Amino acid sequence: MATSILPGEAPDRPQEECAVFGVFSTSEDVARLTYFGLQALQHRGQESAGIAVGDGNTVVCMKDLGLVTQVIDEGALAALKGQVAVGHCRYSTSGGADSWSAAQPHMSAIDEVLIALAHNGTLVNTNRMRADLIGKGVQFRSQTDSEVACQSIGYYTRETGHMTEGIKITMSMLDGAYAMVMASPTALYAFRDPNGIRPLCLGELPNHAGWVVSSETCGLDIVGARFVRDVNPGEIIRINETGISSLQGVEPGRYAGCIFEYVYFARPDSIIDGRSVYQSRRAMGRILAREAPVEADLVLGVPDSGVPGALGFSEESGIQFTDGIVKNRYVARTFIQPTQEMRQNGIRIKLNPLPSVISGKRLVVIDDSIVRGNTSKKLVEMLRSAGATEVHLRIVSPETMWPCFYGIDTATQDQLLAANMSNQEMCDFIGCDSLAFISLEGLREAVSADHNSYCEACFTGEYPVKLPESLTKTAFLPRERQTE
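Residues numbered from 1 in each chain as written. Predicted model: local features only at pLDDT ≥ 70, side-chain atom pairs only at ≥ 80, totals over all residues. Heavy atoms only, no water.

## Considerations on the pattern of salt bridges
Here's step 1: In the structure shown here, the tally under the stated rule is 20 salt bridges.
Here's step 2: Between Arg158 and Asp111 there is a salt bridge whose closest N-O contact spans 3.6 Å. On the criterion of sequence distance, the pair formed by Arg158 in helix α5 (residues 145-160) and Asp111 in the loop between β5 (106-110) and β6 (113-120) is long-range, its members being 47 residues apart.
Here's step 3: A salt bridge links Glu204 to Arg226, with the nearest nitrogen and oxygen atoms 2.8 Å apart. Highlighted residues: Glu204 in strand β9 (residues 201-204) and Arg226 in strand β11 (residues 226-230), separated in sequence by 22 residues. (Salt bridge = Lys/Arg side-chain N within 4 Å of Asp/Glu carboxyl O. Helix = DSSP H or I, 4+ residues; strand = E, 2+ residues; numbered from the N terminus.)

Set out below in structure tokens:
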């Protein structure tokens, strides 16, 4: 669901996680390639951005609050020269949104050697690790779980004398979701949690000029890199002047890649686990049309993630697809406060209907998800005010019933609409004529997924990594209040 970008308003869908990108090349401008890679991945986080570069002697980092284009300019790129770079754009799921110190990459010192780490995901057990490292004399600059990982790698590298050993020891201690890239002055490292919850892939630059790692394949595409493979769960990849090497940092567990990547997070032109995100979303629409048919005049997709599903719904149902909602593509997160009147009308800052198209029509509106339902409610009101006679809402993901602890910023369970209301109650709250969600079986079919192969915790409450009680005791509803 299109999220309000107004300051202080709670988001009405699962929020973007983060993006990581890394390059090793002795002949290319690695900082510039990273800049464009992060631009391709900007959809995964818009609160802060940063690039760190190793030049053989040290690592220099440039980061700040804002979009990639706001943080990095030509002057910054001119100062970031070397052969290894890592970059990050952030949506905060741990450690606060508005702090420069929480922006990534995070830096750590191993005696005189600096390292820089960027992380996509969320770790669930870093309180104990942080306390242990503080007891060993390690100092922290932020409250993020990512800095705990960075400082741990630095500490254990210093203890063992080997970077890969520092990474392996740290990986053996971490619980949760992580896809990480790290730069030393001379090498690029990439490693992934043993369940593969967050995506990470490897590519090669043209003419064998170097290697690239990226959260999504669209990051490879923008720099002309050829997709080689996904980074395996629990794997550590090291790239330096001698080439690329791989070792198993921790034993892989049950694969549990986030199924919501296909629903919303990934860009439609990305490929995840060999499956086109765009084609998966189109298949979701076709399956939803079979599962929840409705008589209507037009099918609309809520831009952007709802559009492929709307095309699929139209194909299967025979109902005409149309562009009935216009998205302002130049609106980004802002620190400028709107007026109260604009706040009350906030969804129109980002989305606006076309009355000439939808007036007098019965609409099927396809969207990716519903979390709190507030934006869905505003959307339906907006479509009715534009003259729609009926609004039938169809969602290409199952009901979001459980919070995520692995790098997606969803609400506690008491704020999740589907965990507190029946389908009819949700329909009445939102104000639509009917409401239906794709079944979990239908979603699995759309992504060609074995039901044991993906993390579906936000739909089922079955978490692939054990959660500490400190996280769950305030996040879940009492069992008697959970809507079945």
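## Observations regarding the sheet that holds strand β10 (residues 211-214)
Here's step 1: The strand order across the open sheet formed by seven strands is β3-β2-β4-β1-β10-β9-β11, and the pairing between neighbours is antiparallel. The open sheet is flanked by β3 (59-65) and β11, the only strands paired with a single partner. Sheet twist, expressed as the mean angle between neighbouring strand axes with direction ignored, is 15 degrees.
Here's step 2: Taken together, the four bridges between β9 and β11 define a ladder with antiparallel strand orientation. Among the inter-strand pairings, Gly203 is bridged to a residue of β11, identified as Phe227.
Here's step 3: Helix-sheet contacts for helix α1 (residues 30-40) involve β1 (18-24), β2 (48-54) and β4 (84-90), and the interaxial angle to β4 is about 25 degrees. (Pairing = 2+ DSSP bridges. Axes fitted to C-alpha atoms, helices over the stretch in contact; angles between N-to-C directions. Contact = heavy atoms within 4.5 Å.)

## Things to note about the packing of helix α9 (residues 277-291) against helix α10 (residues 306-317)
Here's step 1: Their axes nearest at 6 Å, the elements α9 and α10 cross at an angle of 45 degrees. Classified by the angle their axes make, α9 and α10 are oblique. In terms of crossing hand, the pair formed by α9 and α10 is right-handed. Contacts between α9 and α10 pair Tyr278, Arg281, Arg282, Gly285, Arg286, Leu288, Ala289 and Arg290 from the former with Pro308, Gly309, Leu311, Gly312, Phe313, Glu315, Glu316 and Ser317 from the latter. (Parallel < 35°, antiparallel > 145°, perpendicular 65-115°, else oblique. Left-handed = near helix turned anticlockwise from the far one by under 90°.)

## Describing the side chain of Arg281
Here's step 1: Within the secondary structure, Arg281 sits in helix α9.
Here's step 2: Despite its burial, Arg281 remains without a salt bridge, the nearest opposite charge being carried by Glu261 at 6.8 Å.
Here's step 3: A polar atom in the side chain of Arg281 sits 2.7 Å from the backbone oxygen of Tyr262.
Here's step 4: Those residues within four positions of Arg281 in sequence are excluded, and the remaining contacts are Glu261, Tyr262, Val263, Tyr264, Phe265, Ala266, Arg267, Pro268, Ser305, Pro308 and Gly309. (Buried < 20%, exposed > 50% of the residue type's maximum accessible area, 1.4 Å probe, protein only. Lys, Arg positive; Asp, Glu negative; His and termini not counted. Polar contact = N/O pair within 3.5 Å; in protein donor to acceptor, adjacent residues only side chain to side chain.)

## Considering the state of the cysteines
Here's step 1: Taken as a whole and assessed by the stated rule, the structure comprises zero disulfides.
Here's step 2: Here Cys61 stays unpaired: no disulfide links it, and the sulfur of Cys150, its closest cysteine neighbor, is 10.0 Å away.
Here's step 3: Left unpaired, Cys218 is separated from the closest cysteine sulfur, that of Cys201, by 8.4 Å. (Disulfide = S-S within 2.5 Å.)

## Here we look at the sheet that holds strand β7 (residues 179-183)
Here's step 1: Ordered in space as β5-β6-β7-β8-β12-β13, the six strands form an open sheet in which the pairing is antiparallel. Lying at the two open borders of the sheet, with one neighbouring strand each, are β5 and β13 (243-248). Across the sheet, the mean angle separating the axes of adjacent strands is 20 degrees when strand polarity is ignored.
Here's step 2: Two strands pair when backbone bridges link them, and strand β8 (residues 188-192) and strand β12 (residues 235-240) are joined in this way by four bridges, in the antiparallel orientation. The residue of β12 that forms the bridge with Leu188 is Ile239.
Here's step 3: Packing against the sheet, α5 makes contact with β5, β6, β7 and β8, and its axis sits at approximately 15 degrees to β5.

These figures capture arrangement, not role.
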